[in-house]
Amino acid sequence: MKKYGWKTTLCTAIAVMGMTLGATLTAWAGQWHYDGPENWKWWYQHDDGSYPVSNWEQIDGELYHFDENGYLDIGYYYDDDRNLYCYLSEEDGANLGKLIKNNQSWTFGYTASDGFIWGYYPMKAGDDQNSPLLLINEGEMITGAPDWYVQAFDAIAFHPYPSDGMSGFYGSCPKTNVMEAQLPADWRTQCPLPFMNELVMGALDAFYPRGDDSLYYTYEWNVSEDNVLHVTTSWE
């Protein structure tokens, strides 16, 4: 399974539901077990001794997803079967791991009633930095993305070609490039993690399509504690 997001790795004191090291919690037709110390290290055991692995499970009327080791998935999660993002609560306590179903609205997408996230794919209307940025969702185009989002897109999209003997407008540059863009402190609220990944992918694909074998590259990105987006491309 491909995950977009993270699992909190700090040991957390969890009072609600009695989630403490070595604890168990009885649920319908089974028991919760906590291995710790990470707050997501809960697993669920059926009465017959089996436990869910790499799948969804409805427990006490709530939907949870368990990873390949049988532990709770939390945070943003990509469901390969449904080809959709979903959000599993990271809130310590009784809500930990539950599929969120709240119709929360975001600038670049929204959460459906079943908890799955729909997002927009960014692209340029033209092939220069002065072209407006379009956000597309199932054929619908909208404009008016915030300045910081446009600037981040441009900082990534207009990075140079690799210096492997190629020449042209951009000149030469290292085969490994690092692009940076300042994000606002509340970027996660404006553009949750899956949509930030769409921003990075959309910007990289805008002028250097990954389908072009002559320009194939890999990439990775992260956001620092001071909210600076770092994108690294490695050209093959």
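Given the structure is predicted, the values throughout are model-derived calculations rather than measurements. (Residues numbered from 1 in each chain as written. Predicted model: local features only at pLDDT ≥ 70, side-chain atom pairs only at ≥ 80, totals over all residues. Heavy atoms only, no water.)

### Quick look at the overall build of the protein chain
Check the secondary structure of the protein chain and you find 3 helices and 16 strands. The proportion of buried residues among the 236 residues of the protein chain is 44%. Accessible area of the protein chain: about 11900 Å², with a carbon and sulfur share of 49%. (Helix = DSSP H or I, 4+ residues; strand = E, 2+ residues; numbered from the N terminus. Buried < 20%, exposed > 50% of the residue type's maximum accessible area, 1.4 Å probe, protein only. Areas by Shrake-Rupley, 256 points an atom, 1.4 Å probe, with all protein chains shown as cover.)

### Let's talk about unusual backbone geometry
Going from Gly36 to Pro37, the amide bond is cis rather than trans, its omega being 0 degrees. Its location among the elements puts Pro37 in the loop between strand S2 (30-34) and strand S3 (42-46). Positive phi outside glycine occurs at Asp60, with the angle close to 50 degrees. Judged by relative accessible area, which is 37%, Asp60 ranks as partly exposed. The phi dihedral of Asn227 is positive, around 65 degrees, even though this residue is not glycine. By secondary structure assignment, the location of Asn227 is in the loop between strand S15 (217-223) and strand S16 (228-235).

### Description of the sheet that holds strand S13 (residues 140-142)
Spatial ordering of the open sheet is given by S11-S12-S13, a layout of 3 strands whose pairing is antiparallel. The open sheet terminates on both sides in strands that have one partner only, identified here as strand S11 (121-124) and S13. Ignoring strand direction, the axes of neighbouring strands in this sheet form an average angle of 35 degrees. Strands S11 and strand S12 (133-137) of the sheet are contacted by helix H1 (residues 147-157), whose axis makes an angle of about 70 degrees with S11. (Pairing = 2+ DSSP bridges. Axes fitted to C-alpha atoms, helices over the stretch in contact; angles between N-to-C directions. Contact = heavy atoms within 4.5 Å.)

### Points about the packing of aromatic side chains
Across all of its chains, the model carries 13 aromatic pairs by this definition. Consider the rings of Trp32 and Tyr64, whose centres lie 5.1 Å apart with planes at 70 degrees: the pair is edge-to-face. Of this pair, Trp32 sits in strand S2 while Tyr64 sits in strand S5 (residues 62-66), placing them 32 residues apart in sequence. Each of the two residues, Trp32 as well as Tyr64, counts as buried. Site record: aromatic cluster; members linked through ring pairs are Trp32, Tyr34, Trp42, Tyr44, Tyr64 and Phe66. (Phe/Tyr/Trp six-rings, centres within 6.5 Å; stacked < 30°, edge-to-face > 60°.)

### Observations concerning the sheet that holds strand S6 (residues 75-79)
In sheet architecture, strand pairing relies on hydrogen bonds along the backbone and comes in two forms, parallel and antiparallel. What the 5 strands build is an open sheet, ordered S6-S7-S10-S9-S8; its pairing is antiparallel. The outermost strands of the open sheet, each flanked by one partner alone, are S6 and strand S8 (105-106).

### Focus on the nonpolar core
Judged by nonpolar contacts, the single largest core of 32 residues is most densely connected at Phe108, Trp148, Tyr149, Ile156 and Met196. At the level of elements, S6, strand S7 (84-88), S12, H1, strand S14 (176-182), helix H3 (193-207) and S16 are the ones that each hand at least two residues to this core. In terms of residue count, the dominant contributor to this core is H3 (7 residues). In contact with Tyr149, other than residues within four places in its own chain, are Phe108, Pro122, Leu133, Leu135, Cys191, Phe195 and Leu199. If you look at the next biggest cluster of nonpolar residues, it comprises 13 residues, including Trp32, Tyr34, Tyr44 and Leu96. (Core = buried A, V, L, I, M, F, W, Y, C linked by side-chain atoms within 4.5 Å.)

### Structural notes on the pattern of salt bridges
On inspection of all chains with the given rule, the structure shows 2 salt bridges. A salt bridge links Glu38 to Lys41; the nearest nitrogen and oxygen atoms lie 3.9 Å apart. By relative accessible area, which is 18% here, Glu38 ends up buried. (Salt bridge = Lys/Arg side-chain N within 4 Å of Asp/Glu carboxyl O.)

### Section: the environment of Tyr34
Relative to the assigned elements, Tyr34 resides in strand S2. Owing to a relative accessible area of 5%, Tyr34 belongs among the buried residues under this scheme. When the C-alpha positions of Tyr34 and Tyr44 are compared, they lie 8.9 Å apart, and in sequence the two are 10 residues distant. In this structure the side chain of Tyr34 is engaged in a polar contact, spanning 2.9 Å, whose partner is the backbone oxygen of Pro37. From its side chain, Tyr34 meets the backbone oxygen of Glu38 in a polar contact 3.2 Å long. (Polar contact = N/O pair within 3.5 Å; in protein donor to acceptor, adjacent residues only side chain to side chain.)

### Regarding the confidence of the model for the protein chain
Residues at a pLDDT of 70 or more form 75% of the protein chain, whose mean pLDDT is 77. When mean pLDDT is taken per element in the protein chain, S3 scores highest with 96 and strand S1 (residues 24-27) scores lowest with 45. Low confidence marks residues 165-171, where pLDDT is under 50. Its contacts with residues over four positions away, or in another chain, come to 6 contacts. (pLDDT = per-residue confidence, 0-100.)

### Looking at the pairing of S11
Burial of the side chains of S11 is restricted to one face: Pro122 and Lys124 are buried, whereas none of Tyr121 and Met123 on the reverse face is. Pairing between S11 and S12: 4 bridges, direction antiparallel. Within the sheet, the bridge partner assigned to Met123 lies in S12 and is Leu134.

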